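Listed below, chain by chain, are the residues.
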Amino acid sequence: MNTESAEKARIWSAVARRVAGRSLEGPFYTDRDFFDLDIAAVFARQWIFVAVEAELPEPGDYATVEVGPYSVIVLRDDEEELRAFHNVCRHRGARILEAGNGSVGNLVCGYHKWTYGTDGALRHAPSQPPGFDRGCFGLKAVHVRSVGGLVFVCLAEEPPADFAEVAARVEPYLLPHQLRRAKVAARTDLVEDGNWKLVMENNRECYHCDGHPELLRSFFPTYGYTEENLPARLRPAHERYLRADAELRETYERLGLPYALIEELDGRTTGFRIQRDALDLAGESFTPDSTAACRRLLGDLPTPRLGHLALHLQPNSWFHVLGDHAITFSVLPLAPDRTLLRTTWLVHPEAEEGVDYDLDTLLKVWTATNEQDARLVARAQQGVCSPAYEPGPYAETEYQVEAFCAWYIDRLREELQR
Amino acid sequence: MNTESAEKARIWSAVARRVAGRSLEGPFYTDRDFFDLDIAAVFARQWIFVAVEAELPEPGDYATVEVGPYSVIVLRDDEEELRAFHNVCRHRGARILEAGNGSVGNLVCGYHKWTYGTDGALRHAPSQPPGFDRGCFGLKAVHVRSVGGLVFVCLAEEPPADFAEVAARVEPYLLPHQLRRAKVAARTDLVEDGNWKLVMENNRECYHCDGHPELLRSFFPTYGYTEENLPARLRPAHERYLRADAELRETYERLGLPYALIEELDGRTTGFRIQRDALDLAGESFTPDSTAACRRLLGDLPTPRLGHLALHLQPNSWFHVLGDHAITFSVLPLAPDRTLLRTTWLVHPEAEEGVDYDLDTLLKVWTATNEQDARLVARAQQGVCSPAYEPGPYAETEYQVEAFCAWYIDRLREELQR
Amino acid sequence: MNTESAEKARIWSAVARRVAGRSLEGPFYTDRDFFDLDIAAVFARQWIFVAVEAELPEPGDYATVEVGPYSVIVLRDDEEELRAFHNVCRHRGARILEAGNGSVGNLVCGYHKWTYGTDGALRHAPSQPPGFDRGCFGLKAVHVRSVGGLVFVCLAEEPPADFAEVAARVEPYLLPHQLRRAKVAARTDLVEDGNWKLVMENNRECYHCDGHPELLRSFFPTYGYTEENLPARLRPAHERYLRADAELRETYERLGLPYALIEELDGRTTGFRIQRDALDLAGESFTPDSTAACRRLLGDLPTPRLGHLALHLQPNSWFHVLGDHAITFSVLPLAPDRTLLRTTWLVHPEAEEGVDYDLDTLLKVWTATNEQDARLVARAQQGVCSPAYEPGPYAETEYQVEAFCAWYIDRLREELQR
């Protein structure tokens, strides 16, 4: 049995030991071999959320993003179409564009000036002999597509077949908010000291939401309870919720906004969940008093009181779309114990900072929430490093974490069977 | 042959090649596989010195300590008994208490508020269904015991059988100094850039003591010589030593302090050595002039002139108990080439800083000595990384280093044969 | 199949896949196993350029250098001969001399004072029993030799047989410049974020020289072109070059300076290339206007207008010798993705800083060039980390890079067949 097989056997047996309803064993979060498998089985297979179209309004605008060991350029080409390429020169492999966003006419490698068009074609390679065939050395393309202004790439040759259907079901929820022509008000990068799955799992439950005082102001205190287990003291809050919910449904119907909950987190390749839900107090936005943070509304909808549209797309993203702004979250693995969380705030394209919105107010709740989550994720990572850690039971309110893990384990099985 | 077996074979052959009287081969100090084996064979098997009872005087007082990849809570419970637990929540594995010392009523995981009593029992787990059996999810216990106020934990299910006997032989030496009710005057953490065995080996010989000018002031210059090889120029010092020694024995007899040398560093699971010995000059303490650093004496003994009680306990500790204070040393491996040395100074419980002792004076000698040792250990670590390094011969005066290595190799053999 | 064999098979297949005329696959630059093999196959086999004799003018002068995991002392002994030793004490392996240059009477290990002569013999080991044989514990010698003042070490027991011949062919070019009795004007260490081969490859072509505006001032703009592919706009420059070249040949003949190009970069164990070539403008030196940076000339030659003598020696060095100064470059691998470039500037032994040369002017061009190269190497390293990278085609002007890679692959084949 060779090295690779020994590693594979070790991983297989961990996959086989997985008990439904319990957290994953430690090595899934800490071990380099499992991390490498996650890249191969998940990040190099699935559609990965990496950017928003609003970052790339004009031809030549680009964003680079690191997906595990891959560096990818997302670009609007000269025909105004989205393109994505591996950020690797076809000559000797140098990285072409540095990390970040910018705008270019052509893509010029800084090493020996090999020059590619925005369509990826090699336009010029200095000092090549006459027989040199430029057609063989265009940039390697990466699949890219937008879903209502959210940009996804897929590194696999054959992207998952079911994504088109998911996009078709999700897009009607997103389109009225016109994210594609929104403006990026802010983007933050936070490196969390934990495995990417801990970042995702943490987002999939509000069992820990006591730790989020700012966020909780917008959430009803009944969040996570069902009619059956609702404590008596929360009865008045629940009735407030029911009233807000009824009012919202009426608004959604009137404005033609789809709002049915769809929850297909596992059992399919592209697990997802979408829902519109009421917010407490003013019910408008994630701000200290739940009123809108931006006076111009997304999509020019007639009211800020729309609750929030929550979208979760496996493997690496979640989104909140509100009447006045939207927030996107992209989770990108850096190492077994380090993960980048990229958060982007979108507002109406003509909203002016200082006039229509105050940037601090806009960013306040989720900046605080992200930092609180990062501390929790770091403690979870520290804990699962101990050989004494063993998987524990999820509470009912953590059912989406269980769904995420089940979905993830299916991805590993698929990869190991290839 | 699978990966694990190939590694094991490599380690076995290094163990088999070990030559008595010579230092260990390089990989024992530099290789990650050997380091992992050290954790399994030594730190997860043996009783490890981690704290002093004086840190935990009251119910709820705790100290956390990292033993390799394990995080352990040492705690005084509501019944005033010592307890130790894995610092890992039974829910999703989050670390419960952060590094350091403190005091708690219950142990509450900061992630989802699972709450454990000081006995480790799970008292409360929010939002669990009716059938949830809290009894299955208490904190995992770790063996813990005090020897005369020195706190040891053992991560193994079955701790070494001979520790009770060692404790029974050592405790009479310690008890008169009443360390259990002492006060922690100071604690320092020093990260040394070397393998934990180099830290231990360095402590097991005074062949390098030229590098410790402060410490040497309290030691007789004859240290390390025998009657046979004593240079003529040291004859007067030797006679001074003999007088001090005779005087001390009389004191020990009078005060009922055991003082016989016991040296069983190898050939048994819990290797140890204990000895009382004279100090030069005033003969009282580790200070620049060898006079007591603290006016209140430990255990209220009637004289500061007691020389030092030196205790060495394998695998990871040594201790100096003087008339006026005691110093404990805990060696904790962080990586193949990084080791934590935790040093704690203890004084009489009612000794007042600035009145009975000056903190700088108290800490001066061993702070300097630790830093000097750290530099030597770093140079040893650098050197053994070279493929050109080969084990060299120990001098006679390094016989305790040899004993440590022989004991260590026995531990590896035991582990590899399990 | 055991671990080692599985690794070996993986490397073998990468070696077998190598396509001439194309860059190497990613793992050659990024993988720890390949790095370890490079140390074994190249740095522990070949003659490695590590220092200049000018650093060690007097008996007892030494320089330490790290060659991969090895630490080596290069020393002028009491007989004024060059010596090299492993920087590892024969007692317990401690590093004897710290990194850097200095001067010693004996080599004394700072740990236990084992004391070695400048011939490496163990002179004194304290506290050893009468039977101890010092003769068995001298410092381990490393092969060392000077080629015209350039110091090479070889860690292998049997150094490559062809180095003597290479030295004999190269030395006549070097000797007239009297580097052996030169003075070190400056030495810089630059850590580049790339594999050592990327550093070497980068130096073996001027296809990227657009990125070196300072250096290009001294180079003819026709550099890299042949008569056949010379653009019309460069015709005047080419004629300027031909005039300079003709004038230089006359000077070389008159002064008896060998100047024939020798190019044997692959097909032999010690690949090398040597050439004298004209410089543009004043034609004297690497300075902004190409005039000499130092008024005293090396070897007291009668004119500064000598163009440059360029020597390239595989695996790890290149040299520029000018009329007024010389620059040496030593490439030392630190990690798969980190490499030390040590650059040394040599001037006439009696040249006085501030009088005969201005240090900033002397260092300016190559300091800038090194930093520019380091940025290019870092981008190349980043790029080849992507799994999407595949080897691309070298341009004709990169033929020396191809020669380097072919030579390197031969070294791996040799090592794998041992």
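Residues numbered from 1 in each chain as written. Chains lettered and ligands numbered in written order. Predicted model: local features only at pLDDT ≥ 70, side-chain atom pairs only at ≥ 80, totals over all residues. Heavy atoms only, no water.

- As recorded in an unreviewed UniProt entry, chain A goes by Aromatic ring-hydroxylating dioxygenase subunit alpha and comes from Streptomyces smyrnaeus.
- UniProt, in the comment section headed Cofactor (unreviewed entry), describes chain A in these words: "Fe cation". (UniProt positions renumbered as here; feature names shortened; annotations may be inferred.)

1. Thoughts on the state of the cysteines
Step number 1: Applying the stated criterion to the full structure yields 3 disulfides over all chains.
Step number 2: Covalent S-S linkage joins Cys206(A) and Cys209(A), the inter-sulfur distance amounting to 1.9 Å. Across the disulfide from Cys206(A) to Cys209(A), rotation about the S-S bond amounts to roughly -105°, and the bridge is consequently left-handed. For the pair formed by Cys206(A) and Cys209(A), the shared burial category is buried.
Step number 3: The cysteine Cys405(C) is free of any disulfide, with Cys89(A) supplying the nearest cysteine sulfur at 16 Å.
Step number 4: Cys405(C) sits in the buried class, given a relative accessible area of 0%. (Disulfide = S-S within 2.5 Å. Buried < 20%, exposed > 50% of the residue type's maximum accessible area, 1.4 Å probe, protein only.)

2. Overview of the environment of Glu79(A)
All names here are of chain A.
Step number 1: Mapping Glu79 onto the fold places it in the loop between β3 (70–76) and β4 (82–86).
Step number 2: The class for Glu79 is exposed, based on a relative accessible area of 59%.
Step number 3: Taking C-alpha positions, Glu79 is 45 Å from His212, a pair spaced 133 residues apart along the chain. (Helix = DSSP H or I, 4+ residues; strand = E, 2+ residues; numbered from the N terminus.)

3. Considerations on the sheet that holds strand β1 (residues 47–52) of chain A
Residues and elements named next belong to chain A.
Step number 1: Judged by pairing direction, the sheet is antiparallel, and its 3 strands sit side by side in the order β1-β10-β9 without closing on themselves. Among the strands making up the open sheet, the edge pair consists of β1 and β9 (143–147). Each adjacent strand pair in this sheet contributes to an overall mean axis angle of 30°, direction not counted.
Step number 2: Pairing analysis gives 5 bridges linking β9 to strand β10 (residues 150–154), with the strands arranged antiparallel. (Pairing = 2+ DSSP bridges. Axes fitted to C-alpha atoms, helices over the stretch in contact; angles between N-to-C directions.)

4. Considerations on unusual backbone geometry
Step number 1: A cis amide bond links Gln314(A) with the next residue in sequence, Pro315(A), at an omega value of 15°.
Step number 2: Counting through the fold element by element, Pro315(A) comes out in the loop between β14 (308–313) and β15 (317–321).
Step number 3: Positive phi, close to 65°, is recorded for Lys113(B), a residue that is not glycine.
Step number 4: Within the fold, Lys113(B) resides in the loop between β6 (107–108) and β7 (115–116).

5. Observations regarding the relation of the copies chain C and chain B
Step number 1: Least-squares fitting of chain C to chain B yields an RMSD of 0.1 Å, with the transformation described by 0.0 Å of translation along the axis and a rotation of 120°. Here the transformation between the copies is reduced to the relation of a three-fold axis.
Step number 2: When the interface residues of chain C are mapped onto chain B, a mere 7% of them are again interface residues, pointing to distinct binding faces. (Least-squares fit on C-alpha atoms with pLDDT ≥ 70 in both. Contact = heavy atoms within 4.5 Å.)

6. Details of the interface of chain C and chain B
Step number 1: Chain C puts 30 residues into the contact, and the matching count from chain B is 31 residues.
Step number 2: Interface area for chain C against chain B, summed over the two sides, is near 2,500 Å², with a carbon-plus-sulfur share of 53%.
Step number 3: Of all residues in chain C, Arg92(C), Arg95(C) and Tyr111(C) bury the most surface against chain B, accounting for 29% of the area lost on that side.
Step number 4: At the junction of chain C with chain B, the criterion picks out 5 salt bridges.
Step number 5: With its nearest N and O atoms 2.6 Å apart, the salt bridge here joins Glu398(B) to Arg92(C).
Step number 6: Applying the counting rule to chain C against chain B returns 15 residue pairs in polar contact (both at pLDDT 80 or more).
Step number 7: Across the side of chain C that touches chain B, the residue classes tally to 14 nonpolar, 10 polar and 6 charged. (Buried area = accessible area lost by both parts, 1.4 Å probe. Salt bridge = Lys/Arg side-chain N within 4 Å of Asp/Glu carboxyl O. Polar contact = N/O pair within 3.5 Å; in protein donor to acceptor, adjacent residues only side chain to side chain. Nonpolar A, V, L, I, M, F, W, Y, C, P; charged D, E, K, R; others polar.)

7. Describing the pattern of salt bridges
Step number 1: Summed over all chains, the structure comprises 99 salt bridges over all chains.
Step number 2: The shortest N-O distance in the salt bridge between Glu390(C) and Arg90(A) comes to 3.4 Å. Of this pair, Glu390(C) sits in the loop between α8 (359–384) and α9 (399–417) while Arg90(A) sits in the loop between β4 and β5 (101–103), on two different chains.
Step number 3: Residue Glu390(C) is classed as partly exposed on the basis of its relative accessible area, which comes to 32%.
Step number 4: When its relative accessible area of 11% is taken as the criterion, Arg90(A) is described as buried.
Step number 5: Note that Glu25(B) and Arg17(B) form a salt bridge whose closest N and O atoms lie 2.8 Å from each other.
Step number 6: Judged by relative accessible area, Arg17(B) falls into the partly exposed class, the value being 44%.
Step number 7: Three or more residues joined by partner-sharing salt bridges are found here, namely Asp162(A), Glu165(A), Arg169(A), Glu264(A) and Arg268(A).

8. Here we look at the confidence of the model for chain A
Step number 1: Residues of chain A with pLDDT of at least 70 account for 99%, and the chain-wide mean is 95.
Step number 2: Here the complex is predicted with pTM 0.95, and the ipTM for its interfaces comes to 0.94. (pLDDT = per-residue confidence, 0-100.)

9. Topic: the environment of His308(A)
Residues and elements named next belong to chain A.
Step number 1: Within the secondary structure, His308 is located in strand β14.
Step number 2: Overall, His308 belongs to the buried group, its relative accessible area being 7%.
Step number 3: Between the alpha carbons of His308 and Arg217 there is a distance of 14 Å; along the sequence they are 91 residues apart.
Step number 4: Apart from residues no more than four positions distant in its own chain, His308 is found in contact with Phe219, Gln275, Arg276, Asp277, Ala278, Leu279, Phe286, His320, Val321 and Leu322.

10. Brief notes about the interface of chain B and chain A
Step number 1: Contacts between chain B and chain A engage 30 residues on the former and 31 residues on the latter.
Step number 2: A combined buried area of about 2,500 Å² lies between chain B and chain A, and 53% of that area is made up of carbon and sulfur atoms.
Step number 3: Taken together, the connections running from chain B to chain A amount to 5 salt bridges.
Step number 4: The salt bridge partner of Arg92(B) is Glu205(A), with a shortest N-O separation of 2.9 Å.
Step number 5: Linking chain B to chain A there are 15 residue pairs in polar contact (both at pLDDT 80 or more).

11. Topic: the pairing of strand β2 (residues 61–67) of chain C
Residues and elements named next belong to chain C.
Step number 1: Taking burial as the measure, the 7 residues of β2 include 6 buried ones, the bulk of the element.
Step number 2: Sheet analysis places β2 next to strand β5 (residues 101–103), joined by 3 bridges and oriented antiparallel. Paired with Asp61 across the two strands is Ser103, which belongs to β5.
Step number 3: Of the strand pairs in this sheet, β2 and strand β3 (residues 70–76) are connected by 6 bridges, and their pairing is antiparallel. Paired with Thr64 across the bridge in β3 is Ile73.
Step number 4: The antiparallel pairing of β2 with β3 creates a hairpin that spans 2 residues between the two strands, and Gly68 there sits at a positive phi of about 55°.

12. Re the packing of aromatic side chains
Step number 1: In this structure the tally under the stated criterion is 60 aromatic pairs over all chains.
Step number 2: Between Phe49(A) and Phe152(A), the aromatic rings sit 5.5 Å apart at their centres with planes inclined by 55°, giving tilted as the arrangement. Remark: Phe152(A) occurs in strand β10 and Phe49(A) occurs in strand β1; sequence separation between them is 103 residues. Phe152(A) shares its class with Phe49(A); the two are buried.
Step number 3: Judged by centre distance (6.2 Å) and plane angle (75°), the ring pair of Trp114(B) and Phe137(B) falls under edge-to-face. Note that Trp114(B) is positioned in the loop between β6 and β7 and Phe137(B) in the loop between β8 (122–124) and β9 (143–147), a separation of 23 residues in sequence. (Phe/Tyr/Trp six-rings, centres within 6.5 Å; stacked < 30°, edge-to-face > 60°.)

13. Things to note about the relation of the copies chain B and chain A
Step number 1: Superposition of chain B onto chain A requires a rotation of 120° combined with a translation of 0.1 Å along the rotation axis, giving an RMSD of 0.0 Å.
Step number 2: The share of interface residues of chain B whose copies in chain A are also at the interface is only 7%, consistent with the copies meeting through different surfaces.

14. Quick notes on the sheet that holds strand β1 (residues 47–52) of chain C
Backbone-to-backbone hydrogen bonds pair the strands of a sheet. The strands run either parallel or antiparallel.
All names here are of chain C.
Step number 1: Spatial strand order, β1-β10-β9: 3 strands in an open sheet with antiparallel pairing. Both edges of this open sheet fall to β1 and β9 (143–147), since each of them pairs with a single strand only. Averaged over all pairs of adjacent strands, the angle between their axes in this sheet comes to 30°, without regard to strand direction.
Step number 2: Taken together, the 5 bridges between β1 and strand β10 (residues 150–154) define a ladder with antiparallel strand orientation. Paired with Phe49 across the strands is Phe152, a residue of β10.
Step number 3: Against the sheet, helix α4 (residues 163–174) touches β1, β9 and β10, its axis set at about 30° to β9.

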